[in-house]
Amino acid sequence: MDNMKQKIIIWIMVLLIAVPLAAAIGIRPARTNIAVDDYDENNIKVDGKLWVVNNDHREFTVDIYVDGEMAEFVKLKTDEKKWTFRPEDEANGVEFEVKFEKEDVPPGGASANIVIEERFEDSSPNTVSSKLVLKHKINVIGPYPDLYLEGTLNFHENGDEIELVAEVKNLGKQDIKKVQTIFYVNDKEQKQHELETEAASLKTKETTLLATTIEKDNFNEAGQYEVSAITKYDDQVLELYKTLLIGKPEVDITYFDKYLTAYKVNQYTLDLLNRWNQQIRNVYVDVEVIKDGNKVDSFRTRSVDIEAEMMQRVSDYLDAKDKGPGRYTFEMTVHFWSLVRMDEKRFTFHTDLVTEEDAKKFNLAAPTLTGAAVSAGSTFSTVAPWLLVGILLGIIGFYVAWRYLNRNKYEEGDKPF
């Protein structure tokens, strides 16, 4: 908690420092736009200039460099990549050149940034400071071909159905006579569904929604499913992919020991059930032990990864050498990595600490299982020894009965010649 408070205070100080810095240094203009379609020639060359303004008339030093996907086509017309401003310097200009061929620009365009980054020559590790970074953005707007489609996927729950929607926009130079989307998605049984939308026409610069539906019963209550959408338009194809999320990851505690022995170290058993259809990583449990309304102990289990829709058993030891018989409440918080962050879920279990004599009655030498905690593997391991005994007894019984039914044959065979 103290570390968190210190971090909050530091960030507040950084923000307080950054606000006046943003006003102290400026850059203009903020961007340069270059539209490829405005040029007839294939080789394009554009000269530009930006100004770094010392609004607060203070002394500072900046580094100047270029980044972004079009950075290789931008050249700074200065040999100095480090500038120092004095209080009397109001502004300094940065000249640059953008040079490229039309085929260097992807459809829709690309960009580069001329970065003005403040430099700290000497800074103590114990000093709180804020570095200002300003960017002049160069947008190169690329040409679109005759046929060009952009799209996004969206999903909407509508009662018992899920609507699959492809939003497509015609950015090409020609109208599209026919556009249609086919969605592909596997259900909870890994059976593939192929869902087709109605066909439509699409004029240039227009946007349309291509939609279809699928029954929600095809999926589990919680899980993630990969959806692919193939949109065909005239003789072209656009492929889009997105994950359909239903519910959110859930981890439940299905079992904890009902009885433990007082005044000794106990092995406890905890069963964690992953209700999500994908592996959930880094699952652990924080436990608080409460008696008569007072917290008497706390501990954390080891971290485990649980496969999709599987149960993971966690066994460890609880030191109860200082705890007498009685009813104890175990407040448990399950922590697990959700889709984008750590999530948690709370559970409460009541456990009796009993005497050594009662422990023998309850047969607590090994962890006790309940129906909720028995998986297919543990059920087989419990039944297997008795199954083998039954098979052996069956073989012996069959042999004895067979000898009895054929006793005359064996008795005759025992007579002397």
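Each value, and the rule that gives it
- Residues numbered from 1 in each chain as written.
- Predicted model: local features only at pLDDT ≥ 70, side-chain atom pairs only at ≥ 80, totals over all residues.
- Heavy atoms only, no water.
- Helix = DSSP H or I, 4+ residues; strand = E, 2+ residues; numbered from the N terminus.
- Buried < 20%, exposed > 50% of the residue type's maximum accessible area, 1.4 Å probe, protein only.
- Phe/Tyr/Trp six-rings, centres within 6.5 Å; stacked < 30°, edge-to-face > 60°.
- Lys NZ or Arg CZ within 6 Å of the ring centre and 35° of its normal.
- Patch = residues over 30% accessible without salt bridge, like charges linked within 9 Å, V, L, I, M, F, W, Y side chains within 5 Å.
- Areas by Shrake-Rupley, 256 points an atom, 1.4 Å probe, with all protein chains shown as cover.
- Salt bridge = Lys/Arg side-chain N within 4 Å of Asp/Glu carboxyl O.
- Lys, Arg positive; Asp, Glu negative; His and termini not counted.
- Charge placed at Lys NZ, Arg CZ, Asp CG, Glu CD.
- Core = buried A, V, L, I, M, F, W, Y, C linked by side-chain atoms within 4.5 Å.
- Pairing = 2+ DSSP bridges.
- Axes fitted to C-alpha atoms, helices over the stretch in contact; angles between N-to-C directions.
- Contact = heavy atoms within 4.5 Å.

(A) Structural view of the overall build of the protein chain. Helices and strands together make up the secondary structure of the protein chain, namely four helices and 26 strands. Taken over 417 residues, the protein chain has a buried fraction of 37%.

(B) Highlighting the packing of aromatic side chains. In this structure the tally under the stated criterion is seven aromatic pairs. With 4.9 Å between their ring centres and 50° between their planes, F256 and F330 make a pair best called tilted. Remark: F330 occurs in strand β25 (residues 326-337) and F256 occurs in strand β18 (residues 251-256); sequence separation between them is 74 residues. F330 sits in the buried class, given a relative accessible area of 1%. Between K291 and the ring centre of Y328, over which it is positioned, the NZ or CZ distance is 5.6 Å.

(C) Main features of a negative patch on the surface. Together, E72, E101, E103 and D104 make up a region of like negative charge exposed at the surface. Secondary-structure assignment places E72 in the loop between β4 (60-67) and β5 (74-76).

(D) Region of interest: the nonpolar core. Core analysis: the biggest nonpolar cluster contains 30 residues, and I64, M70, V98, F100, I114 and I138 have the highest contact counts within it. When contributions to this core are tallied by element, the ones reaching two or more residues are β1 (25-28), β3 (43-54), β4, β5, β6 (82-85), β7 (91-101), β8 (110-119) and β9 (133-141). Of all hydrophobic cores here, the second largest spans 29 residues; its members include F256, L272, Y328 and L353.

(E) Spotlight on the sheet that holds β8. Taking strand neighbours across the sheet as the criterion, the five strands line up as β2-β9-β8-β4-β6 in an open arrangement whose pairing is mixed. In this open sheet, the two strands that pair with only one neighbour each are β2 (31-35) and β6. For this sheet the average axis-to-axis angle between neighbouring strands, irrespective of direction, equals 20°. Here β4 pairs with β8 via seven bridges, running antiparallel. From the neighbouring strand, D67 faces β8, where its bridge partner is N113.

(F) Focus on unusual backbone geometry. Cis rather than trans, the peptide bond between R28 and P29 has omega equal to -5°. Secondary-structure assignment places P29 in the loop between β1 and β2. Despite not being glycine, Q190 has its phi angle at roughly 65°, a positive value. Position of Q190 relative to the elements: it lies in the loop between β12 (176-186) and β13 (192-196). With a phi close to 60°, N282 is a non-glycine residue in the positive phi region. You can see N282 is positioned in strand β21 (residues 280-291). For N282, a relative accessible area of 34% gives the class partly exposed.

(G) Looking closely at the pattern of salt bridges. Within the structure shown, the criterion is met by 20 salt bridges. K345 serves as the salt-bridge partner of D252, at 2.6 Å between the closest nitrogen and oxygen. With D252 in strand β18 and K345 in strand β26 (residues 342-354), this pair connects stretches of sequence that are 93 residues apart. Residue K295 is joined to E288 by a salt bridge in which the shortest nitrogen-to-oxygen separation is 3.8 Å. Accessibility expressed as a relative area gives 55% for K295, which makes it exposed.

(H) Structural view of the environment of I44. By the element assignment, I44 lies in strand β3. According to the relative accessible area criterion, I44 is buried, its value standing at 1%. With 55 residues separating them in the primary sequence, I44 and K99 have C-alpha atoms 5.7 Å apart. Among residues more than four places away in sequence, those in contact with I44 are V36, Y39, V98, K99, F100 and K102.

(I) Quick peek at a nonpolar patch on the surface. A cluster of nonpolar side chains, namely L392, L393 and I396, defines an oily patch on the protein surface of about 300 Å² accessible area. Locating I396 in the fold gives a position in helix α3 (residues 376-405). Given a relative accessible area of 45%, I396 falls into the partly exposed group.

(J) Representation of the pairing of strand β16 (residues 223-233) within the structure. Of all 11 residues that make up β16, eight are buried, and the element is covered over most of its length. Across seven bridges, the pairing between β12 and β16 is antiparallel. By the bridge assignment for β16, V179 is matched with Y233. The pairing of β16 with strand β17 (residues 236-246) spans 11 bridges and is antiparallel. Bridging from a neighbouring strand, I230 pairs with E239 of β17. The hairpin turn running from β16 into β17, its antiparallel successor, is two residues long, and D234 in that turn takes a positive phi close to 50°.

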